[in-house]
Amino acid sequence: MVFGMTTFKCDECGNRFEAFAAEMGPTCILSPMPCTKCGSYHTMPAPMFSQSGRLNPLRAFFLEIWAVMDKKKR
């Protein structure tokens, strides 16, 4: 399901960009969207990145998602 638009942040280049907020399968996790600058799928919703520089614990889910996506890419 698509919820609308949200701000994503790329873990590779740090780019912040607007993209569709769509759920990943039957989960409450938003699907990574391709970075508009570098094309990487190592992205997650920007609010999940803490303002203090410390990362939100939900980032661990995205690390697993990115690892699976990278394996499927090969």
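Located above this text is the structure these notes cover.
None of these values were measured; they are calculated from a predicted model.

Criteria and thresholds
Residues numbered from 1 in each chain as written. Predicted model: local features only at pLDDT ≥ 70, side-chain atom pairs only at ≥ 80, totals over all residues. Heavy atoms only, no water. Phe/Tyr/Trp six-rings, centres within 6.5 Å; stacked < 30°, edge-to-face > 60°. Buried < 20%, exposed > 50% of the residue type's maximum accessible area, 1.4 Å probe, protein only. Helix = DSSP H or I, 4+ residues; strand = E, 2+ residues; numbered from the N terminus.

Caption draft 1: Representation of the packing of aromatic side chains. In this structure the tally under the stated criterion is 2 aromatic pairs. Each ring, one from Phe8 and one from Phe17, has its centre 5.9 Å from the other, and the planes form 20 degrees; the classification is stacked. Per residue, the accessibility class of Phe8 equals that of Phe17, and both read buried. Considering the side-chain rings of Phe62 and Trp66, the 6.3 Å spacing of their centres and the 50 degrees angle between planes classify their relative orientation as tilted. In this pair, Phe62 and Trp66 both sit in helix 1 (residues 59-73), 4 residues apart, roughly one turn of the helix. Residue Phe62 shares its accessibility class with Trp66, and that shared class is buried.

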